Structures are given as C-alpha cells and as structure tokens.
Amino acid sequence: MATPTKIRTEAEESLARMQQFDVSSLPRERELGSEVNFLDAVEPATRLVDLYKRLSVTALDDLSQQGLQQVRDRANSDFALLKQALDFKLASQQNPQATRDSIIQQLTASYDPSFQTLHPYIAYSLHRSADFQRLDSDARATMQAISDRAGKVEAQLQEHEKEAQRVLTEIRSVAAEEGVTQQSAHFRAEADRHDTEAETWRTRTVNLAIALGVYAALSVFLHKIPFLTPTSNYETIQLAISKVLVFSVLAYMLFLSARNFLSHKHNAIVNRHRQNALMTHRALVEAASDHGIREAIMVQAAGCIFSPQNTGYTGGASGGDSPSPKSVVELLSKAGGKGE
C-alpha cells in the first residue's frame, strides 16, 4: 500500500505534468499532413489543461488520501489521451483518420468527468488562496519582522551617523575639487590645440626659410641663364625688380609664418598658466587663514583666468591683463584692518 507521502508526490507530479503540457505541440501538420493532423484537438486540449491550471499545487497539502488519488488518477487518464495524440503515427494505423477522430472525441468528452472530479478541489484551492485569516496572520508576522528589522537598522544608523557625516564632507570636498579640475580641462584643451598649431607653423617657417635661402642663392646666377640674360638697360632693371618682388613676397611669407608660430606658442603658454592657476587657487584659498587674504588670492586668480591676455600676434600689450598691485594691496590692508 502506498504511503500518504508517496501519493502526495505522485499527485503533484501528475498535476504539474498536465499544467505544463504544451498544447501547441499537438497539431503536427508537417508530419501528419493537412488531412490527418490534430489541429481540431487544440481547442478541447486547451480547455482541459486550463481546468487543471485552476487547481493550485499547494492545495494538495490539505487533501485527503482519497482526494489525492482522485486528482492523480484523473490527471494520468487525461494525460494518456494527450500522449496518444503525440504518439500517433500514420504508418502504424490501418485507418488513421478514424483513429484520429476517436482520440479527439475522447479528449472532448473527458472534460465533463474531469470537471466533476476536480471542481470541489478547485473551489477549495481558490478559498485557500483567499484565506483571510491566514493572510492576516502572515501579515502580522511580516509586520513584526519588519518592525524588528527597522529597529536594528535604526540602531545601526545612529551608530554610523558620525561616520556618514564625515564621508559626506569628504564627498563634497572631492566634488568641489573635481568641478574645478573639470573647468581647468577647457584651458588644457586650448593649450594643447595651440601647441599643435605652433608645431605646424614651426615646420612652415623652417620650410619658407630654406626656400628663401635657396632663392637668394639662385638669384645670384639668374642673369647667367641664356634666356634670362639682359641685353639692355630696360631688361636689366626688369630682372632686378622681379628678383626684389619675389624676394619680398617670400620674406613677408616667412615673417607671417614666424609670427603665427610665436603667437600660438604664446597662447599655449598663457592657457597652460590659466590651467595651473585654476587648479592651485583652491589650495591657496584653503591655506589662508584670513578672509581678506582669501579675497586677494581670488582676485589674482580671477584676473589670471578671465582678464584678456596679449595674443602674441600684434606685438602690443593689451590693457587690463591682470589686477593691478594697488588692488591687491588694498585688499590686504582691509584684511589687516579687520584683523585688528
């Protein structure tokens, strides 16, 4: 005689097998063709499988041994019909169409006895899933567990409050420094761009200098070339003017190229200086103990960063390059007055 535990396991396996059955595997139209397939079995099979899905597996824990046997036997009987449809072979049937129709009819007819057997257990399963007393008990237990856990978490938060404040202060400091560093990246990118342009114009300047030197050397012998040899004073003057014009153009191009090189080099240095000022002024401000000194440092840093700088191209100095020493002295004097 089977033990209750074994019957419970068998009933659960049989029920789960019906609930998990794939109805879409029944038709097999490619294998059986359009005449003898099980497409008509999909609807009754779906209806039957859905009936089993309404019975919860957890409800089996409360069923009697007789109830478990009924669920198991009914599920096995219905699965056997589905298995017949899956194992159906044309070659092994004398009258395939009649056999197919018989299986479909049995599947259709099996719903009523399956419903009569299962509907009391399905009703109990639905009632069990909506057992409000059990839900209330579970909710109270859950709330108590949450309350206990919340108390522990609150105690831990109080213990780590000071540490959290310290970490928050450090995070704010790091975020501020990172913000300053990110702003200095604009000056770094500009300095790198000017360095690249300076190298380009350096190469052009060297090439133009070489070209000018070569032309100066060749121009000494231009009058000895047969078709360029002057035969009159007019041709001599014309050749001389041509030499001067070409030499002047090359010299002016060399001058502009050198000026561009110096300009880009100057701007690269200026932007590098602004980058360094922006990255170091925070450390200087924090190191200063007096508010007036901090203001003086900020004025100097702002003047270095935002004041217009000489471009290095025109050769003239721009006005207002940086804060005047007088403004710095005034700030320092105000700081001294406040300190007193």
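Residues numbered from 1 in each chain as written. Predicted model: local features only at pLDDT ≥ 70, side-chain atom pairs only at ≥ 80, totals over all residues. Heavy atoms only, no water.

**Details of the overall build of the protein**
Counting its regular elements, the protein contains 11 helices and 0 strands. Secondary structure of the protein in N-to-C order comes out as α-α-α-α-α-α-α-α-α-α-α. Within the span of the protein, comprising 340 residues, buried residues form 28% of the whole. Expressed as a percentage of contacts within the protein between residues at least 6 apart in sequence, the contacts between residues at least 24 apart total 76%. When the accessible surface of the protein is summed, it comes to about 22,100 Å², and 58% of that surface belongs to carbon and sulfur atoms. (Helix = DSSP H or I, 4+ residues; strand = E, 2+ residues; numbered from the N terminus. Buried < 20%, exposed > 50% of the residue type's maximum accessible area, 1.4 Å probe, protein only. Contact = heavy atoms within 4.5 Å. Areas by Shrake-Rupley, 256 points an atom, 1.4 Å probe, with all protein chains shown as cover.)

**Considerations on the pattern of salt bridges**
As enumerated under the stated definition, the model contains 13 salt bridges in all. Residues Lys89 and Glu31 are paired through a salt bridge, measuring 3.5 Å at the closest nitrogen-oxygen approach. Remark: Glu31 occurs in helix 2 (residues 29-32) and Lys89 occurs in the loop between helix 4 (65-87) and helix 5 (96-109); sequence separation between them is 58 residues. For Lys89, a relative accessible area of 44% corresponds to the partly exposed category. (Salt bridge = Lys/Arg side-chain N within 4 Å of Asp/Glu carboxyl O.)

**Brief notes about the packing of helix 1 (residues 4-19) against helix 4**
The relative placement of two packed helices is expressed as an angle between their axes plus a distance between the axes. Orientation of helix 1 relative to helix 4, taken along the N-to-C sense of each, is 35°, at an axis distance of 8 Å. Crossing geometry of helix 1 relative to helix 4 is assigned as left-handed. On helix 4, the residues touching Pro4, Ile7, Arg8, Glu10, Ala11, Ser14, Leu15, Arg17 and Met18 of helix 1 are Gln65, Leu68, Gln69, Arg72, Ala75, Asn76, Asp78, Phe79 and Leu82. Counted by class, the contact of helix 1 with helix 4 contains 9 nonpolar, 4 polar and 5 charged residues. (Axes fitted to C-alpha atoms, helices over the stretch in contact; angles between N-to-C directions. Left-handed = near helix turned anticlockwise from the far one by under 90°. Nonpolar A, V, L, I, M, F, W, Y, C, P; charged D, E, K, R; others polar.)

**Observations regarding the nonpolar core**
With 34 residues, the main nonpolar core has Met18 and Phe38 as its most contacted residues. Those elements giving two or more residues to this core turn out to be helix 1, helix 3 (42-53), helix 4, helix 5 and helix 6 (111-129). No other element matches the 7 residues that helix 4 contributes to this core. Phe38 has contacts with Leu26, Pro27, Leu32, Ala85, Phe88, Arg100, Ile103 and Ile104, leaving out every residue within four places of it along the chain. (Core = buried A, V, L, I, M, F, W, Y, C linked by side-chain atoms within 4.5 Å.)

**Some details on helix 3**
Each full turn of the α-helix corresponds to 3.6 residues, which orients residues three or four apart in the same direction. With 12 residues, helix 3 extends 16 Å between its outermost C-alpha atoms, agreeing within 8% with the 16 Å of an ideal straight helix rising 1.5 Å per residue. All buried positions along helix 3 are accounted for by Pro44, Ala45, Leu48, Val49, Leu51 and Tyr52. One side of helix 3 holds all its buried residues, which, seen down the axis, span an arc of 150°. (Expected span 1.5 Å × (residues − 1). Arc of directions from axis to C-beta.)

**Topic: unusual backbone geometry**
Of note, Arg28 is a non-glycine position whose phi angle comes to about 50°, a positive value. With respect to the helices, strands and loops of the structure, Arg28 is situated in the loop between helix 1 and helix 2. With a relative accessible area of 13%, Arg28 lands in the buried category.

**Regarding the side chain of His264**
Turning to its location among the elements, His264 is positioned in helix 9 (residues 233-287). In this structure His264 comes out as buried when scored by relative accessible area, which is 14%. The residues touching His264, leaving out its near neighbours within four places in the chain, are His194, Glu197, Ala198 and Trp201.

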